[in-house]
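If you want the building blocks of each chain, they are given just below.
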Amino acid sequence: MIEALHINNLQSMKAFIGSHFMFNVLNQIQNRFLTGQTKEAVQVLSLYNKMLRHALNTSKTGMTSGTEEWKFLENYLISEQMRFQGDMQYHLTPELIEMGKMPAFILQPIVEATVHASLAIGHIANVQITFIKDAGGMLYQVRGSNTDQNIPEKYRENITRVKERIRIWNEHKMAPISLTENGDTRIIRMTL
Amino acid sequence: MLKAIIIDDEPASLRGLEKMITTFTEGVTVVATAASATEGLRAIKTNHPDVVFLDIEMPQKDGFELLKSLDTINFEVVFTTAHDQYAIRAFHTSALDYLLKPIDPEELRNAIQKVKNKKGHYDGAGVKAYIDNISGQREKQQIGLASSNGTSFVHLDNIIYLRGDGAYTYFFLKTGQKITVSKNLKEYERLLGDKGFYRIHKSYMVNLQEMKKYSKGSAKLIMSNGDVVDVSKRRKDGFITELAEL
């Protein structure tokens, strides 16, 4: 694999595994055990286990299947919803997608930034992730609930990382990917 | 019996820490829990706690903003955070109490013991100094320097330069004082690197406002107190660029 892309894959995986998110998951598991919510604790543990396996499985090639990525995203969203309880809602449309390979660690960091940007404004976060396949390729739309607001500075790190990943990807003449931002909406287009 | 308040936006964290306190510690009563900074402020004013366990990251108003809105801090603050490298480093350097989530029962017991040892003599100066540090107002910025005699809070403007020697750092102040801290210079480079200080040598970091004369030939820098410090070969170019920007 191209070295720059390999390094970027490892950095993306490290960013996921060593993220704020991971420590919050561990914290959630501990708190649920402490308060007697054993079933929920095991559920969070199981979700995190699946996410971690997915991250490790994709680390070699940096690629994943659309179906796996969608499941990964759903596991992430369920786990965040359990954490924030009534403060967060999400919609994944369609519920399952079937398509070929795609680069990993592009969609989830954007969804994560959108979730937290939506929570930051203090009312219920409603995050919508939509997948559309057309003649031009595939399009993922991630929309937060903070209408007309951009992602606050402290959550922009994820977006910056994805942009760098896309830049390296495109530089090596693979099927081009683009990320456009407009207010609370981010669109990733893959011409595969 | 110590009165504790827990402030955290996550319901599970509130309940979890409350349960941890009752399960793993003695002599502490949780008098209130709050799921936001606004609720927390109200709880502090009503309950006059001995200790507040304060989550840093909360939507809208975070833990620091809550503390900034208080005129005086007459209780102990134990910050709680899952993972914030910058904050952790700064807490460590400023000698503030913090607990990393998931919370270790032993660390929780230690934090509570520290509060008990103060026997009601709570001093919010350290926390205030830290809040000033992160508020970005250089003239108000202070740093907590923990030495064997206690913690000294020093305005950054009072520091002329720092000298590192292995695991120790010596602070040379305008007052003529020299404070020894058992942390290496690298720790302070991370903390002060963007606050008008520059590492000119493996053993020296200087306050750029306190330089008097730089001799290019000998690569020596004379500081405002007359002390002469070396600029290393490796850092010379970067330092000259930094000077050009002053």
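Scroll up to find the structure.
To keep things clear, this report deals only with the structure shown in the data block. In this text the structure is predicted, and so the values were computed from the model without any measurement. (Residues numbered from 1 in each chain as written. Chains lettered and ligands numbered in written order. Predicted model: local features only at pLDDT ≥ 70, side-chain atom pairs only at ≥ 80, totals over all residues.)

## Here we look at the interface of chain B and chain A
Contacts between the two partners involve 14 residues from chain B, matched on the other side by 16 residues from chain A. Of the residues assigned to the side of chain B that touches chain A, the class counts are six nonpolar, four polar and four charged. (Contact = placed C-beta atoms within 7 Å. Nonpolar A, V, L, I, M, F, W, Y, C, P; charged D, E, K, R; others polar.)

## A few points about the sheet that holds strand β11 (residues 197-201) of chain B
Backbone-to-backbone hydrogen bonds pair the strands of a sheet. The strands run either parallel or antiparallel. Residues and elements named next belong to chain B. A sheet is described by the order of its strands in space; here five strands give the open sequence β10-β9-β8-β12-β11, paired in antiparallel fashion. Because the sheet does not close on itself, it has two edges, and the strands there are β10 (178-181) and β11. Averaged over all pairs of adjacent strands, the angle between their axes in this sheet comes to 20°, without regard to strand direction. Both β11 and strand β12 (residues 204-207) contribute to a ladder of four bridges, which runs antiparallel. From the neighbouring strand, H201 faces β12, where its bridge partner is Y204. The strands touched by helix α7 (residues 185-192) within the sheet are β8 (159-165), β9 (168-173), β11 and β12, with β12 carrying the most contacts at an inclination of about 30°. (Pairing = 2+ DSSP bridges. Helix = DSSP H or I, 4+ residues; strand = E, 2+ residues; numbered from the N terminus. Axes fitted to C-alpha atoms, helices over the stretch in contact; angles between N-to-C directions.)

## Some words on the packing of helix α5 (residues 107-120) of chain A against helix α6 (residues 156-171) of chain A
Residue and element names in this part refer to chain A. As a packed pair, α5 and α6 sit with axes 8 Å apart at the nearest point and diverge in direction by 160°. Our classification of the angle between α5 and α6 gives roughly antiparallel. By crossing handedness, the relation of α5 to α6 is classed as left-handed. Packed against α5, whose contacting residues are P109, I110, E112 and A113, the element α6 presents N158, I159, R161 and V162 at the interface. Of the residues in the contact of α5 with α6, the class split is five nonpolar, one polar and two charged. (Parallel < 35°, antiparallel > 145°, perpendicular 65-115°, else oblique. Left-handed = near helix turned anticlockwise from the far one by under 90°.)

Interpretation in functional terms is not warranted from these geometric data alone.
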